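# Architecture and fold: a report
One letter stands for each residue in the lines below.
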Amino acid sequence: MRRVLTPVLLVLLLASAVGLQAMRERGGELPAGHGEVLYVRSPEALRRMSLSYHSLLADVYWIRAVQVYGGTKLGRMPDRSYGLLYPLLDLTTSLDPYFDVAYQFGALFLAELPPGGPGRPDQAIALLQKGVRAQPDDWHLYQAIGFVHYWSYQDYAVAADWFKRASRLPGAPTWMEPLAAVTLAEGGNRTASRLMWQQILRTATDDWFRTEAERRLKQLDAMDQMDTLRRVVATFQARQGRPPADWAELVRAGYIRGTVADPAGVPYRLERGVVSLDPDSRLLPLPKEAEARP
Amino acid sequence: MSAPRTIATVAVSVFRESVRDKVLYNLVAFAVLLMAASYLLGQLTAGQDIKIIKDLGLAAIATFGLMIAVFIGIGLVWKEVERRSIYSLLTKPLSRAEFILGKYCGLGLTLVVNVVVMVVAWYAVLAYMATSVSPEVRASWAAPAADPAMLRAVGLILVELMLVTALALFFSTFSSPFLSAGLTLGLWVIGHFNADLKNFEAVVDSRAAAWLAQGLYYVLPNFSAFDIKQQVVYAQPVPAGYLASTALYGAVYIALLLVASVAVFSRRDFK
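Residues numbered from 1 in each chain as written. Chains lettered and ligands numbered in written order. Predicted model: local features only at pLDDT ≥ 70, side-chain atom pairs only at ≥ 80, totals over all residues.

### Regarding the overall build of chain B
When helices and strands are tallied, chain B shows 13 helices and zero strands. In sequence order, chain B lays out its α and β elements as α-α-α-α-α-α-α-α-α-α-α-α-α. In terms of principal-axis extent, the alpha carbons of chain B reach across some 70 × 55 × 30 Å. Across the 271 residues of chain B, 38% fall into the buried class. Long-range contacts, defined here as pairs at least 24 residues apart, represent 81% of the contacts in chain B between residues at least 6 apart. (Helix = DSSP H or I, 4+ residues; strand = E, 2+ residues; numbered from the N terminus. Buried ≥ 20, exposed ≤ 12 C-beta atoms within 10 Å, placed from the backbone. Contact = placed C-beta atoms within 7 Å.)

This is the structure we're talking about:
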């Protein structure tokens, strides 16, 4: 009797626990607490506390940084705060000074304009310079600093200087020196930007970098396509004396063949004659420099 | 029976006992941890899953081994005394030194078997994960996912575990398991702060305190020296001289602790 009773009791209790959990879930959750908290902010203290587990702890902080960035970026909260991003990346790279991806992706995350990122190129450069102090011969870090100056500050002279410095380091690709020259001569030009991302795509050592380079190239393609569409809309307006109501009107008038979508597959918006990306397009926000100087 | 054969007999019985005590179950936990991590990390780490599995594997090998070394090591002698089986053992043609060395070698054998199986599982997971990465990305790595050079770190972890075992055995010859565990783990933690002891004069004004810290730096086991995990994960060079001198340092310290254990145990009166 007892042999049968015990398993039955166990199954009953487990079923009750599952049922109660489902019931609790339907009843709603308690209000959220204070959100993400970073209890230890001192890299030195954390390094000591981690004993011989620096690298593993660095991995944990890296995962947290990725989650904070991705969670905030994709979240629907109107007040998007990336306040923990830099401290998390600082801790990651203090625990593991050779964590290249944390420097390079971290800088990309930090420099990304709001709402897609915190828009802190100063922190991106501080993080990368910390990497340069740890690995003075790593040309990727110099190149990344040049990129931040190029895209975030539009300071092409400084960007070209960093590319030049990268080109002198061991293992730097042969295109780095011409890139410095092109940046100095034609910085801000969309063609120069395209050249830069094509080189990154060609030499990417990581699938994420590859994806990012592809996204950036799609952004440039989208900007070219929008320029063409603006010219079409301007022609329509000049002939009709009013802007087109929508894409369908342009199709009917024979200006375009059908609804036009951006390289990410989301249709462009046309409102009162203004062509723009759809707010749901993952190509937003577009880079500032190339948009300003087509 | 010759001394080496007697030691081997005791060692094999310790190994069998650890198998009976289901110590090897930790290998299942290790395998599950690695497989679950390799599946989940791809979604969370922005392409750093191979690096993280390398870090996780090395850390898990060191941690599982540490737990075995401490919690079995502290009971090696104490159990025999507590069960009173020590009385019948000492009536056999077995010296106290052979008993201690046999116990040590037995736990050492358990650790080696554990580490070898964990390393095989870890390399298998890494090799499998590498197949999911594009050939272009793989070609850009400084070292392959299942890089044999990482075995250098595993080797030093093993020496470190043997040193921890010797410490635990030493404490178990004269103190209770609870105290032995506290002392062993305490020394293991302090052994990772050796660099701070060496540079203590930079933070205190007292010369006496600085000298004391310097003395402790040289006397206490330097466990941080055995940690080259970060270097091997990044395929950085670790000079053969460093590996040899660190292994030799560990061997000498182990010998010191075993001699001390035999000396303490030989003086114990079980009447």
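### Focus on the overall build of chain A
Along the backbone of chain A there are 13 helices and two strands. Rg of the C-alpha trace for chain A: 25 Å, well past the compact-globule value of 19 Å for 294 residues, more than 25% over. With the C-alpha coordinates aligned to their principal axes, the bounding extent of chain A is approximately 90 × 55 × 35 Å. Sequence-distant contacts, at least 24 apart, represent 51% of the contacts inside chain A between residues at least 6 apart. (Rg over C-alpha atoms; globule rule 2.2 N^0.38 Å.)

### Things to note about the domain arrangement of chain A
Structurally, chain A comprises domain 1 (43-136) and domain 2 (217-292). Using C-alpha coordinates to define each centre, domain 1 of chain A is positioned 36 Å away from domain 2 of chain A. (Domains from an automatic or database assignment.)

### Comments concerning unusual backbone geometry
For Arg272(A), which is not glycine, the phi dihedral falls at a positive 50 degrees. By the element assignment, Arg272(A) lies in the loop between strand E1 (269-271) and strand E2 (274-276). For Arg272(A), a count of 8 C-beta atoms within 10 Å gives the class exposed. With a phi angle near 55 degrees, Ala235(B) is a residue other than glycine that sits in the positive phi range. Within the secondary structure layout, Ala235(B) lies in the loop between helix H12 (229-233) and helix H13 (240-267). Its 13 C-beta neighbours within 10 Å are what place Ala235(B) among the partly exposed residues.

### Things to note about the environment of Arg239(A)
The topology assignment puts Arg239(A) in helix H11 (residues 207-240). Taking the C-alpha atoms as reference points, Arg239(A) and Thr191(A), 48 residues apart in sequence, are found 32 Å from one another.

### Section: the interface of chain B and chain A
A common way to express how large an interface is: the accessible area buried when the components associate. At the junction of the two partners, chain B supplies 21 residues and chain A supplies 19 residues. For the side of chain B that touches chain A, the elements supplying multiple residues, two or more each, are helix H3 (49-73), helix H7 (135-140) and H12 of chain B. Here the residues of the side of chain B that touches chain A sort into 10 nonpolar, eight polar and three charged. (Nonpolar A, V, L, I, M, F, W, Y, C, P; charged D, E, K, R; others polar.)

### What about the environment of Trp247(A)?
Residue and element names in this part refer to chain A. As for its placement among the helices and strands, tryptophan 247 is situated in helix H12 (residues 247-252). According to the C-beta neighbour criterion, tryptophan 247 is buried, with 20 such atoms within 10 Å. Between the C-alpha atoms of tryptophan 247 and proline 267, which are 20 residues apart in sequence, the distance is 9.8 Å. Beyond its immediate stretch of four places on either side in the chain, tryptophan 247 contacts Ile256, Thr259, Val260 and Leu270.

### Topic: the packing of helix H6 (residues 96-130) of chain B against H13(B)
Residue and element names in this part refer to chain B. Packing of H6 against H13 brings their axes to within 9 Å, and their N-to-C directions diverge by 135 degrees. Judged by the angle between their axes, H6 and H13 are oblique. Here H6 runs over H13; the crossing is right-handed. Contacts between H6 and H13 involve Arg96, Ala97, Ile100, Leu101 and Tyr104 from the former and Leu258, Ser261, Val262, Phe265 and Ser266 from the latter. In terms of residue class, the contact of H6 with H13 is built from seven nonpolar, two polar and one charged. (Axes fitted to C-alpha atoms, helices over the stretch in contact; angles between N-to-C directions. Parallel < 35°, antiparallel > 145°, perpendicular 65-115°, else oblique. Left-handed = near helix turned anticlockwise from the far one by under 90°.)

### Digging into the confidence of the model for chain A
On average, chain A scores 85 in pLDDT, and the residues at 70 or more come to 92%. Of all secondary-structure elements in chain A, the lowest mean pLDDT belongs to helix H13 (residues 288-292) of chain A, at 52, while helix H6 (residues 121-134) of chain A reaches the highest, 96. (pLDDT = per-residue confidence, 0-100.)

### What to know about helix H9 (residues 177-190) of chain B
Residue and element names in this part refer to chain B. With 14 residues, H9 should cover 20 Å at 1.5 Å per step; its first-to-last C-alpha distance of 20 Å lies within 8% of that length. Those residues of H9 lying buried are Pro177, Ser180, Thr184 and Trp188. For H9, the arc enclosing every buried residue in end-on projection is 65 degrees, short of the 170-degree limit, so these residues lie on one face. Turned more than 90 degrees away from the buried face of H9, the exposed residues are Phe178, Gly186 and Val189. Buried residues along H9 sit in contact with H3, helix H4 (76-82) and helix H8 (151-172). (Expected span 1.5 Å × (residues − 1). Arc of directions from axis to C-beta.)

### As for the environment of Ala213(B)
Structurally, Ala213(B) is set in helix H11 (residues 207-219). Residues Ala213(B) and Ala142(B), 71 residues apart in the sequence, show an inter-C-alpha distance of 40 Å.

### Topic: helix H8 (residues 156-167) of chain A
Residues and elements named next belong to chain A. Between its first and last C-alpha, H8 extends 16 Å over 12 residues, near the 16 Å set by a 1.5 Å rise per residue. Of the positions making up H8, those classed as buried are Tyr156, Ala159, Ala160, Trp162, Phe163, Ala166 and Ser167. All buried residues of H8 project into a common sector of 160 degrees when viewed along the axis, lining one side. Check the buried side of H8 and you find it contacts helix H7 (139-151) and helix H9 (176-186).

### A look at the packing of helix H5 (residues 100-111) of chain A against H7(A)
Residues and elements named next belong to chain A. Relative to each other, H5 and H7 sit at 0 degrees, their axes nearing to 10 Å. On the basis of the axis angle, H5 is roughly parallel to H7. Seen from H5, the contacting residues are Asp100, Tyr103, Gln104, Ala107 and Ala111; seen from H7, they are His140, Leu141, Ala144 and Val148. Here the contact of H5 with H7 is built from residues that sort into six nonpolar, two polar and one charged.

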